[in-house]
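# Residue-level structural notes
Each chain, written out:
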Amino acid sequence: MREAKISRKTAETAIEVSVNLDGTGQYDCQTGVGFFDHMLDQLARHSLIDLTIRAKGDTHIDDHHTVEDTGIALGQALTRALGDKRGIRRYGHFRLAMDDTQVACALDLSARPYLVCNLPFPTAKIGSFDTELVREFFQALSTHGGITLHVDLIHGLNSHHIAEAAFKAVARALREAVEPDPRMAGSLPSTKGAL
């Protein structure tokens, strides 16, 4: 089973993440940041990765540490669950439409983290959630998941739709990338012999 659990505790946050790459998209995400929980639920549901998250952070200051550290722990859990990455598709891409918004995502589970995040938001907040934290989450996920991650807004007017379309597009691309490829016969998807 391609499963992993990560616990991360700092002076700012305490986070537990469990993932099952071969799940059905079940989710139970409780971070204390409502909109972020909604986005994590979308990530699980549309990637078909079962995801359980418990996070307690210094949200009396703001949501930054909780969101970033959740991204760190989730990236680490994905890396652990993928193991040596034998037999996976490795690459994923998806263009997702949601009402006024279209977002494109392309990613590579390369162990070479790099983020390109072109998501200009028309507002600074979605409810009480700072829209700049969407990028912070993807940066942490990319860095600690060893993911080359490109997320681009094609067009969009509504900040909620932009954020949600981005999480869903990343989810669908991740779903494709982690899937076993029956033609790979358990070999590494790289000419280097290692990922």
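This text follows the structure it describes.
I will try to describe carefully the structure that is included in this document. Residue indices begin from 1 for each chain and proceed along its sequence in written order. Under the rules for a predicted model, residues below a pLDDT of 70 receive no local features and side-chain atom pairs below 80 are neither given nor counted, while totals for whole chains, interfaces and linings still include all residues. Here the side-chain values reflect all heavy atoms present in the structure, with hydrogen atoms and water set aside.

## Remarks on the packing of aromatic side chains
The cut-off we apply is this: Ring pairs shown here join Phe, Tyr and Trp side chains whose ring centres sit within 6.5 Å, with only the six-membered ring taken for Trp; geometry is labelled stacked below 30 degrees between planes, edge-to-face above 60, and tilted in between. Under the DSSP-based scheme used, a helix requires at least four consecutive residues in state H or I and a strand at least two consecutive residues in state E, with every element numbered from the N terminus.
Here the structure, examined in full by the defined rule, presents five aromatic pairs. Note on Phe36 and Phe137: the rings are 5.4 Å apart at their centroids and 70 degrees apart in plane angle, and the pair reads as edge-to-face. One end of the pair, Phe36, is in helix α1 (residues 34-47); the other, Phe137, is in helix α3 (residues 132-145), and 101 residues separate them in sequence. For the pair Phe138 and Phe167, a centre-to-centre distance of 4.9 Å together with 40 degrees between the ring planes defines the contact as tilted. Residue Phe138 is located in helix α3, and its partner Phe167 is located in helix α4 (residues 159-178); the two are separated by 29 residues in the primary sequence.

## Comments concerning the sheet that holds strand β3 (residues 27-30)
Basically, it comes down to this: Only strands joined by at least two bridges in the DSSP assignment are considered to pair. An axis is simply a line fitted to the C-alpha atoms; with a helix, the fit covers only the stretch in contact. Between two such axes, the angle follows the N-to-C directions and lies from 0 to 180 degrees.
With mixed pairing, the four strands of this open sheet are ordered in space as β1-β2-β4-β3. Of all the strands in the sheet, just β1 (3-9) and β3 have a single pairing partner and so form its edges. Each strand of the sheet is rotated relative to its neighbour by a mean of 5 degrees, with strand direction disregarded. The sheet contact formed by β1 and strand β2 (residues 13-20) spans seven bridges and is antiparallel. Each residue of the ladder has a partner; that of Lys5, found in β2, is Ser18.

## Here we look at α3
So the rule is basically this: Multiplying 1.5 Å by the helix residue count minus one yields the expected span of that helix. Exposure is judged per residue with a 1.4 Å probe applied to protein chains only, and the accessible area is read against the type maximum: over 50% gives exposed, under 20% gives buried, and values in between give partly exposed.
For α3, which comprises 14 residues, the first-to-last C-alpha distance of 20 Å matches the rise-based estimate of 20 Å (1.5 Å per residue) to within 8%. Among the residues of α3, those classed as buried are Leu133, Val134, Phe137, Phe138, Ala140, Leu141, Ser142 and Gly145. Positive backbone phi, at 60 degrees, marks Gly146, one or two positions downstream of α3.

## Side note on the nonpolar core
Selection criterion: Nonpolar cores are built from buried Ala, Val, Leu, Ile, Met, Phe, Trp, Tyr and Cys residues. Side-chain atoms within 4.5 Å join them into one set. Contact definition: two residues touch when any of their heavy atoms are within 4.5 Å.
By size, the foremost hydrophobic cluster in this structure holds 59 residues, and its most contacted members are Leu119, Phe137 and Phe138. Counting residues per element, this core draws most heavily on α4, at 12 residues. Filtering out sequence-adjacent residues up to four positions away, Phe138 remains in contact with Leu115, Cys117, Leu119, Leu149, Ala166, Phe167 and Val170.

## Regarding the pairing of strand β4 (residues 50-57)
Counted only if it meets this: Looking down the strands as they point away from the viewer, one classifies a crossover as right-handed if the path from the first strand across the helix to the second runs clockwise.
Where β2 and β4 come together, eight bridges link them in antiparallel fashion. In the sheet register, Asn20 faces β4, and the bridge partner there is Asp50. Across four bridges, β3 lies against β4 in parallel orientation. By the bridge assignment, Asp28 is partnered in β4 with Thr52. Crossover handedness for the path β3 to α1 to β4: left-handed.

## Notes on the environment of Leu115
Inspection of the secondary structure puts Leu115 in strand β7 (residues 114-118). Between the C-alpha atoms of Leu115 and Ile147, which are 32 residues apart in sequence, the distance is 8.0 Å. Not counting chain neighbours up to four residues away, the residues in contact with Leu115 comprise Arg135, Phe138, Gln139, Ser142 and Leu149.

## Structural notes on the sheet that holds β7
Strands belonging to one sheet form pairs held by backbone hydrogen bonds; the direction of such a pair is parallel or antiparallel. Spatial ordering of the open sheet is given by β5-β6-β10-β7, a layout of four strands whose pairing is mixed. Each edge of the sheet is formed by a strand with only one pairing partner; in this case those strands are β5 (91-98) and β7. Going from strand to strand, the sheet's axes swing by 10 degrees on average, the running direction of each strand aside. Taken strand by strand, α3 contacts β7 and β10 (148-155), and its axis lies near 160 degrees from that of β7. On top of the sheet, α4 reaches β5, β6 (101-108) and β10; it is set at about 150 degrees to β5, its chief contact.

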